[in-house]
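# Descriptive analysis of the structure
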Amino acid sequence: MKNQDLYIYILGIADNSLILGQRLGELCGHGPSLETDIALTNIALDLFGQTRSYYRYAASLAGEGKTEDDVAMLRIERDYRNVLLVEQPNTHFGHVIARQYLFDVFHFQLMTALVDSNDETLAAVAAKGIKEVGYHKRFSGDWLKRLGDGTGESHEKMQEAIDHFWPYIAELFDTTESDERMIESGVGVDVATFRESYYSEVTDQLKEATLTVPENPYSKKGGKQGVHSEHMGYILTELQYMQRTYPNLTW
Amino acid sequence: MKKDWPLWEVFVRSKNGLEHRHFGSLHAADAAMALENARDVYTRRNEGVSIWVVESKYITASNPEDNGEMFEPAQSKVYRHPTFYDLPDEVKHM
Amino acid sequence: MSEKEVKNLEVIFEARIERDDKIEPKDWMPEKYRKTHIRQISQHAHSEIVGMLPEGNWITRAPSLRRKAALLAKVQDEGGHGLYLYAAAETLGISREEMYEQLHTGKAKYSSIFNYPAITWADIGAIGWLVDGAAIINQVALCSTSFGPYARAMVRICKEESFHQRQGYEIMLTLCRGTEEQKAMAQDALNRWWWPSLMMFGPRDEDSPHTAQSMKWKLKRKTNDELRQQFIDQTVPQADLLGISVPDPELKFNSETGHYDFGEIDWDEFWQVVKGHGPCNKERMEARVGAWEGGAWVRDAAMAYAEKQEKRKVAKAS
């Protein structure tokens, strides 16, 4: 493939939305209230909508008549590029909100920067996505405050969730070699430029939510290189079930 | 501490130039959540450009038992309607 | 109020419904009208949210991104429809929490169809085509029911649901135009969902004691058997178009009546599922109770936060 770097770069963004969408999809019908259930599903729908635009683009680069679904569903686990954060399970609603918020702030900054990409397709997808993601961030940020500054029990649960996910943040700001080539060519976004503003925004929000900012210096990463947590295999098992069981069919 | 989320009434303006119309109700813990829930529940199909929410308990409603004295007196005020006045057909644009 | 006064009010009330006046929540209504409506509307709402579960199971496994988005949107709609209906019932003086309580303790019923398992992708097609198809027949009639909030909820729901059945039929169509294996999957789904779909219209008219009262209040515009017949008449040609066969050897078009004659429904199975012994009754209730109880700390936290915010606002102002 002549645009190998671009292809992988698109997957890096798309896979995050896809895998997080899968996690939210599991929750549909099981939320703490009907209203919350409907709201989370809206977020999942936004994410899946974005992935279709990305995968269609990636499929066009891959050629050989590949479709969006081939790209989304027929890779081996090592070829998925999402960060570890988004594949973590819905342990409880606090985890759902922590995972969402920590990703949303990043996602919003990424989309904001991607609008200026000199790749027109990516810039257009980002321009649409930015409004969706802005809302996601507002939703998860509000819930972070409600749970953090709610009851004693919710505060404890929310703190535990934030502590749990903190080490996963570092990976969001990792840059692979192919990322670097994309940044150089003006297509990719240099995530390092908003690392600081990410931490300061998250820190402010955590404080407002009466939560303690973790001081854990350790990080968990690997997803961007395709080395995932043990959860990933199960996510893919469901995602790929139909395509693997009945290859090459139309649905 | 067992308190359920209160009920809110949702009003949506479908497009500028139109009034807000009652769309339905939902539950939310506070106004910000009510607004977000209203957006997610009642404008999923691009139904609105503006939303009002008000906690249901703040609405004062007339009582149907009083409908006689509340509304019937207006029925006989026929002179408030243009058809009450007899004018020759030659008078146009009036 | 004396018995005679109540009788008098009832006569006026029935006359209003007779001339197609809508009844609104604050209007005087017979206690039986209120109770019947709470029962029917909440049962309808419960059916929507329990109905999210069998299809919801397939969101993560949908075979393509397009199907995944459509299914997710559909299941979400069902949640929305449950919400509209709970809100309509709430205008009659029952809280959503009380209705949940009734559902979770088994006091309130929901449509039995959702106690059957969705085990293949074709089941998602069959549910949209048959289950939503049957539901729409009931719901369209309810758009002109006598209780205003219920009628308004139904209008909104019918409008939104118009894509649901099409979504299901399109899945079936794609399968039936696919490989032999796909077509077999579609046939198998029709085999399993056909009879339970017919049961959705409820017992035979002679075993349905409330029909007369419900007709009077426009909670029903046609009897169970009439609606069932209408469903069969419109669905059989759709199955023909798909090229799969309805699993009823006695099914035959009767040119004299202009309707399809059909075989006997297994009423033992019907009552078994209604009484809680269907394939998935237990799983469905576990999922609903689990979501509700598991979410209690979240709902409490939101209320506590709202109260704190309110206090802060007051403190700031003074």
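Residues numbered from 1 in each chain as written. Chains lettered and ligands numbered in written order. Predicted model: local features only at pLDDT ≥ 70, side-chain atom pairs only at ≥ 80, totals over all residues. Heavy atoms only, no water.

## Focus: the overall build of chain A
Scanning chain A from terminus to terminus reveals 10 helices and zero strands. Each helix and strand of chain A, placed in order from N terminus to C terminus, yields the pattern α-α-α-α-α-α-α-α-α-α. Here the C-alpha radius of gyration of chain A, 18 Å, is about what a compact globule of 251 residues would show, namely 18 Å. If one aligns the C-alpha atoms of chain A with their principal axes, the spans along those axes are about 55 × 40 × 30 Å. (Helix = DSSP H or I, 4+ residues; strand = E, 2+ residues; numbered from the N terminus. Rg over C-alpha atoms; globule rule 2.2 N^0.38 Å.)

## A word on the overall build of chain B
When you go through chain B residue by residue, the secondary structure sums to two helices and three strands. Listed by position from the N terminus, the elements making up chain B come as β-β-α-β-α. In terms of C-alpha radius of gyration, chain B reaches 21 Å, well past the compact-globule figure of 12 Å for 94 residues. Once the C-alpha set of chain B is aligned to its principal axes, its extents read approximately 70 × 35 × 15 Å. In chain B, of all internal contacts separated by at least 6 residues, the share reaching a separation of at least 24 is 43%. Split by element, the accessible area of chain B, about 6700 Å² in all, is 53% carbon and sulfur. Computing the positive centroid from 12 side-chain charges and the negative centroid from 15, chain B places the two 8 Å apart. (Contact = heavy atoms within 4.5 Å. Areas by Shrake-Rupley, 256 points an atom, 1.4 Å probe, with all protein chains shown as cover. Lys, Arg positive; Asp, Glu negative; His and termini not counted. Charge placed at Lys NZ, Arg CZ, Asp CG, Glu CD.)

## Focus: the interface of chain A and chain B
Each partner contributes residues to the interface: chain A has 13 residues there, and chain B has 13 residues. Buried area between chain A and chain B, summed over both chains or domains, comes out near 1200 Å², and the portion from carbon and sulfur atoms is 53%. The largest share of the area that chain A buries against chain B comes from A:Glu35, A:Tyr135 and A:Arg146, three residues that together contribute 47% of it. Our count for the contact surface shared by chain A and chain B stands at two salt bridges. Between A:Arg146 and B:Asp30 there is a salt bridge whose closest N-O contact spans 3.5 Å. Put simply, chain A and chain B have six residue pairs in polar contact (both at pLDDT 80 or more) between them. (Buried area = accessible area lost by both parts, 1.4 Å probe. Salt bridge = Lys/Arg side-chain N within 4 Å of Asp/Glu carboxyl O. Polar contact = N/O pair within 3.5 Å; in protein donor to acceptor, adjacent residues only side chain to side chain.)

## Details of a negative patch on the surface
All names here are of chain A. On the surface, a cluster of negative charge is contributed by Glu177, Glu180, Glu184 and Asp190. Within the element layout of this structure, glutamate 177 appears in helix H8 (residues 177-184). For glutamate 177, a relative accessible area of 62% corresponds to the exposed category. (Patch = residues over 30% accessible without salt bridge, like charges linked within 9 Å, V, L, I, M, F, W, Y side chains within 5 Å. Buried < 20%, exposed > 50% of the residue type's maximum accessible area, 1.4 Å probe, protein only.)

## As for the nonpolar core
The nonpolar side chains of soluble globular proteins are, as a tendency, buried together. A:Trp143, A:Tyr198, C:Trp121 and C:Trp194 are the most contacted members of the largest nonpolar core, which has 196 residues in total. For A:Tyr198, the residues in contact, after removing those within four places along its chain, are A:Leu102, A:Val105, A:Phe106, A:Gln109, A:Ile169, A:Leu172 and A:Phe173. (Core = buried A, V, L, I, M, F, W, Y, C linked by side-chain atoms within 4.5 Å.)

## Some details on the side chain of A:Glu132
All names here are of chain A. Examined against the element boundaries, glutamate 132 turns out to sit in helix H6 (residues 120-148). Looking at glutamate 132, the relative accessible area reads 14%, which means it is buried. When residues no more than four places from it in sequence are discounted, the contact partners of glutamate 132 are Asp46 and Gln50.

## What to know about the packing of aromatic side chains
A complete count under the given rule lists 31 aromatic pairs over all chains for this structure. Aromatic side chains A:Tyr198 and A:Tyr199 sit 5.6 Å apart centroid to centroid with 85° between the ring planes, which places their arrangement in the edge-to-face category. Overall, the relative accessible area of 0% leaves A:Tyr198 in the buried class. When the centroid spacing of 5.5 Å and the interplanar angle of 50° are considered together, the rings of C:Phe201 and C:Phe231 count as tilted. Of this pair, C:Phe201 sits in the loop between helix H7 (180-199) and helix H8 (211-216) while C:Phe231 sits in helix H9 (residues 224-242); the two residues are 30 residues apart in sequence, bridging distant segments of the chain. In this pair, the class of C:Phe201 matches that of C:Phe231, namely buried. Feature note: the residues A:Phe103, A:Phe106, A:Trp166, A:Phe173, A:Phe194, A:Tyr198 and A:Tyr199 constitute an aromatic cluster, connected by ring pairs. (Phe/Tyr/Trp six-rings, centres within 6.5 Å; stacked < 30°, edge-to-face > 60°.)

## Focus: helix H2 (residues 34-62) of chain A
In this model H2(A) runs 41 Å from its N-terminal to its C-terminal C-alpha over 29 residues, within 8% of the 42 Å that 1.5 Å per residue would give. Just past H2(A), the residue A:Gly63 takes up positive phi, approximately 65°. (Expected span 1.5 Å × (residues − 1).)

## Brief notes about the sheet that holds strand E2 (residues 21-27) of chain B
Residue and element names in this part refer to chain B. The strand order across the open sheet formed by three strands is E2-E1-E3, and the pairing between neighbours is antiparallel. The outermost strands of the open sheet, each flanked by one partner alone, are E2 and strand E3 (50-55). The mean inter-strand angle of the sheet, taken between neighbouring strand axes irrespective of direction, is 30°. With six bridges connecting them, strand E1 (residues 7-13) and E3 associate as antiparallel partners. Across the sheet, residue valine 10 finds its bridge partner in E3, namely valine 53. Its contacts with the sheet put helix H1 (residues 31-42) on E1, E2 and E3, and the angle it makes with E2 is roughly 115°. (Pairing = 2+ DSSP bridges. Axes fitted to C-alpha atoms, helices over the stretch in contact; angles between N-to-C directions.)

## Brief notes about the pattern of salt bridges
Applying the stated criterion across every chain, the model contains 42 salt bridges over all chains. With a closest N to O distance of 3.2 Å, A:Lys128 and A:Glu132 form a salt bridge. Of this pair, A:Lys128 and A:Glu132 both sit in helix H6, four residues apart, which is roughly one turn of that helix. Taking the relative accessible area as the measure of exposure, A:Lys128 reaches 57% and is therefore exposed. Between B:Glu55 and B:Lys57 there is a salt bridge whose closest N-O contact spans 3.6 Å. Judged by relative accessible area, B:Lys57 falls into the exposed class, the value being 60%. Look at the salt bridges and you will find they share partners, linking B:Arg44, B:Arg45, C:Asp77 and C:Glu160 into a network.

## Here we look at the interface of chain A and chain C
Each side of the interface is counted separately: chain A has 48 residues, and chain C has 48 residues. A buried area of about 4000 Å², summed over both sides, lies between chain A and chain C, and 69% of it is on carbon and sulfur atoms. Among the residues chain A hides against chain C, the three largest losses belong to A:Leu34, A:Asp149 and A:Trp251. Together they make up 18% of the total. In this structure, the connection of chain A to chain C is made through three salt bridges. On inspection of chain A and its partner chain C, the count reaches 15 residue pairs in polar contact (both at pLDDT 80 or more). Of all the secondary-structure elements, those providing two or more residues to the side of chain A that touches chain C are helix H1 (4-27), H2, helix H3 (68-73), helix H5 (93-114), H6, helix H7 (152-165) and helix H10 (231-245) of chain A.

## A word on unusual backbone geometry
Apart from glycine, the bulk of residues carry a negative phi angle, and the bulk of peptide bonds sit in the trans form. Residues and elements named next belong to chain A. Of note, glutamate 64 is a non-glycine position whose phi angle comes to about 50°, a positive value. Within the secondary structure, glutamate 64 is located in the loop between H2 and H3. The exposure class assigned to glutamate 64 is exposed, which follows from its relative accessible area of 74%. One non-glycine residue, threonine 210, adopts positive backbone phi at about 60°. As for its placement among the helices and strands, threonine 210 is situated in the loop between helix H9 (195-208) and H10. The class of threonine 210 is partly exposed, set by a relative accessible area of 37%.

Spatial relationships are all this shows, so hold off on functional conclusions.
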